[in-house]
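So the chains spell out like this:
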Amino acid sequence: MAPAPTTATVSPAPVHPNRVRVLLPGQGPPAAGPVVYWMLRDQRLADNWALLHAATLAAASAAPLAVAFPLFPKPFLLSARRRQLGFLLRGLRRLAAHAADRRLPFFFLTGGPAEIPALVRRLGASALVADFSPLRPVRQALDAVVNDLRHDGLTVYQVDAHNVVPVWAASPKLEYSARTFRGKMNKVLDEYLVEFPELPEVVPWDREQPEEIDWDVLIDTVCREAEDVPEIDWCEPGEAAAMEALLGSQDGFLVKRIKSYDTDRNYPTKPKALSGLSPYLHFGQISAHRCALEAKKRRHLSPKSVDAFLEELIIRRELADNFCYYQPHYDTLAGAWDWARKTLQDHAYDKREHIYTREQLESAKTADHLWNASQLEMVHHGKMHGFMRMYWAKKILEWTSGPEEALSIAIYLNDKYHIDGRDPSGYVGCMWSICGLHDQGWKERPIFGKIRYMNYAGCKRKFDVDAYISYVKRL
Ligand code: FAD
């Protein structure tokens, strides 16, 4: 068993001490061996608190610094497909080039996290710094590495570089709703939402050099092994493209499009009203912290839109991490609150007008042309509009034989086709739609029980359904 984490007592100054936890305390005085940053979820060099912590440790003990990225072997992490793996690897290829320009060694480990202990031993590392994900396979991999290294004497740290407020500092428990979470977040947000310092200078690398990576061969091999869901071409991977999507003078969200976010974000016919940042946020190619800082600087231009964006970016997104961190059953009916599980079970045998198999749903063969369009938007474009995601998941509840099956099909399709899939926000989105998570009970009705209901007529009243269907056909 890995020891219980403690908050770092000796956190070098630039990183808030509560952002850093010690997963394995070192034995004896700090050695001058290299510091290794195990990059997991935060695949960027800029605005990265975990890299900053690693660099600060290295600078303090005149030790060199390296970055390691182990690719989870097949079945790839949470069954990532060609679509997601291609995006990840193409982003890393740019990151590796950028690291080389800065003389920062980048070790890409094809054997997965199990290679981390051997690497840190070979390098004689004095510290290992990992970033944070609340998802089970990542936590299991981290626990296994910590356990393997328990007699090696080095210190293992974990830094929450993904959330604006570290998940364990935002709340010590599973939150009931955005309302309860928002109150806690607002009390501490200013303390954490501060500008990033410069990365400190570290001594040059003088150890084993990373193996040369033939990125074309690697991407080709990995993508061939992954099940065939084609890559997308409308969203360029990497940190530079992510910053362009946020701040670019041509079409950057905060520069050109933020003003209509408040009024238009729930209209599937106006996809440009959304930021489009979720692929970059999911792969950590941009930091939510950076997005929030930049949005706040522009608040005077459009206060309502910036506030609405910060609500989604910080409160809703980090509430999803809270759920997955504190609820081990984050992706099954067992993770729903009692009231929701009961009402769904009470109505599990209600008569359904349609029952579709997973294959029928996957190939968009239902009687509802609006739903089919949203499914095709996800399958071909790789990103469904946020409003349609709610309708899409709720209909799966209505058209399958029970809530467990509905949830498992929704998560399967969401993770398979969405470029931003396999993310806490995805598990929570499906749980919200199907199991009433972070929502309240509504008037009881067939199949849904007290879970909030959505229907075609409501969509038709809200937006031009035919215009959305035509838009999807043109994608
Ligand atoms: P914007 O509206 O511009 O939002 C900016 C950012 O805020 C997003 O990138 C995201 O990080 C965060 N955000 C926005 N809405 C939510 C929300 N409801 N919950 C949590 N964070 C939010 N999001 C994913 O990242 N991956 C998923 O796999 C995913 N699956 C979903 C499935 C269902 C059934 C539902 C209802 C929601 C899902 N979401 C998912 C949440 C949300 O729909 C997407 O984050 C959003 O549509 C992404 O597009 P955007 O970046 O253009 O959004």
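Residues numbered from 1 in each chain as written. Predicted model: local features only at pLDDT ≥ 70, side-chain atom pairs only at ≥ 80, totals over all residues. Heavy atoms only, no water.

- Looking at an unreviewed UniProt entry, the protein carries the name Deoxyribodipyrimidine photo-lyase, with the source organism given as Lolium multiflorum.
- Quoted straight from UniProt, the Sequence similarities (unreviewed entry) entry for the protein says "Belongs to the DNA photolyase class-2 family."
- Entered under Cofactor (unreviewed entry) in the UniProt record, the comment concerning the protein runs "FAD". (UniProt positions renumbered as here; feature names shortened; annotations may be inferred.)

### Some points on the environment of Pro271
Then step 1. By secondary structure assignment, the location of Pro271 is in the loop between α10 (261-264) and α11 (278-282).
Then step 2. Distance in space between the C-alpha atoms of Pro271 and His438 is 25 Å, their sequence separation being 167 residues.
Then step 3. In contact with Pro271, other than residues within four places in its own chain, are His385 and Tyr471. (Helix = DSSP H or I, 4+ residues; strand = E, 2+ residues; numbered from the N terminus. Contact = heavy atoms within 4.5 Å.)

### Examining the state of the cysteines
Then step 1. In total, this model carries zero disulfides according to the counting rule given.
Then step 2. Left unpaired, Cys430 is separated from the closest cysteine sulfur, that of Cys435, by 9.2 Å. (Disulfide = S-S within 2.5 Å.)

### Digging into the site of the ligand
Then step 1. Around the ligand, 26 residues are found, and the nearest of them are Tyr261, Ser275, Gly276, Asn414 and Asp420.
Then step 2. Backbone polar atom of Gly276 to an oxygen atom of the ligand: 2.7 Å apart, as the coordinates give it.
Then step 3. One nitrogen or oxygen atom from the main chain of Leu277 is found 3.3 Å from an oxygen atom belonging to the ligand.
Then step 4. Elements represented by at least two residues in the shell around the ligand include exactly α11, α13 (303-326), α17 (386-399) and α19 (424-435).
Then step 5. Among the residues forming the shell around the ligand, the class breakdown is nine nonpolar, ten polar and seven charged. (Near = heavy atom within 4 Å. Polar contact = N/O pair within 3.5 Å; in protein donor to acceptor, adjacent residues only side chain to side chain. Nonpolar A, V, L, I, M, F, W, Y, C, P; charged D, E, K, R; others polar.)

### Comments concerning the UniProt feature "domain: Photolyase/cryptochrome alpha/beta" (unreviewed entry) in the protein
Then step 1. Mapped onto this numbering, the UniProt entry annotates "domain: Photolyase/cryptochrome alpha/beta" (unreviewed entry) at residues 33-167.
Then step 2. Structurally, residues 33-167 is divided into 40% helix and 17% strand, and its ends, taken at the C-alpha atoms, are 30 Å apart.

### As for the packing of helix α6 (residues 178-192) against α13
Then step 1. One way to put it is that α6 packs onto α13 with a least axis distance of 10 Å and a crossing angle of 110°. It follows from the interaxial angle that α6 and α13 lie roughly perpendicular. Considering how the two elements wind past one another, α6 and α13 form a crossing that is right-handed. On α13, the residues touching Ala178, Phe181, Arg182, Met185 and Leu189 of α6 are Glu311, Ile314, Ile315, Arg316, Glu318, Leu319 and Asn322. (Axes fitted to C-alpha atoms, helices over the stretch in contact; angles between N-to-C directions. Parallel < 35°, antiparallel > 145°, perpendicular 65-115°, else oblique. Left-handed = near helix turned anticlockwise from the far one by under 90°.)

### Focus on the nonpolar core
Then step 1. Residues Leu92, Phe106, Phe108, Tyr280, Phe309, Leu313 and Ile314 are the most contacted members of the largest nonpolar core, which totals 83 residues.
Then step 2. With residues up to four places along the chain from it excluded, the contact list for Ile314 reads Val164, Met185, Leu189, Ala292 and Leu319.
Then step 3. In terms of nonpolar packing, the next biggest core, distinct from the first, is built from 78 residues, Leu370, Trp399, Tyr427 and Phe448 among them. (Core = buried A, V, L, I, M, F, W, Y, C linked by side-chain atoms within 4.5 Å. Buried < 20%, exposed > 50% of the residue type's maximum accessible area, 1.4 Å probe, protein only.)

### Quick look at helix α7 (residues 215-225)
Helical geometry: 3.6 residues make up each α-helical turn, so side chains three or four residues apart lie on a common side.
Then step 1. Looking only at α7, the buried set comprises Trp215, Leu218, Ile219, Val222 and Cys223. Looking down the long axis of α7, one finds its buried residues gathered within 115° of arc, a one-sided arrangement.
Then step 2. Measuring from the side-chain oxygen of the N-cap residue of α7 to the backbone nitrogen of Asp216 gives 3.2 Å; that N-cap residue is Asp214. (Arc of directions from axis to C-beta.)

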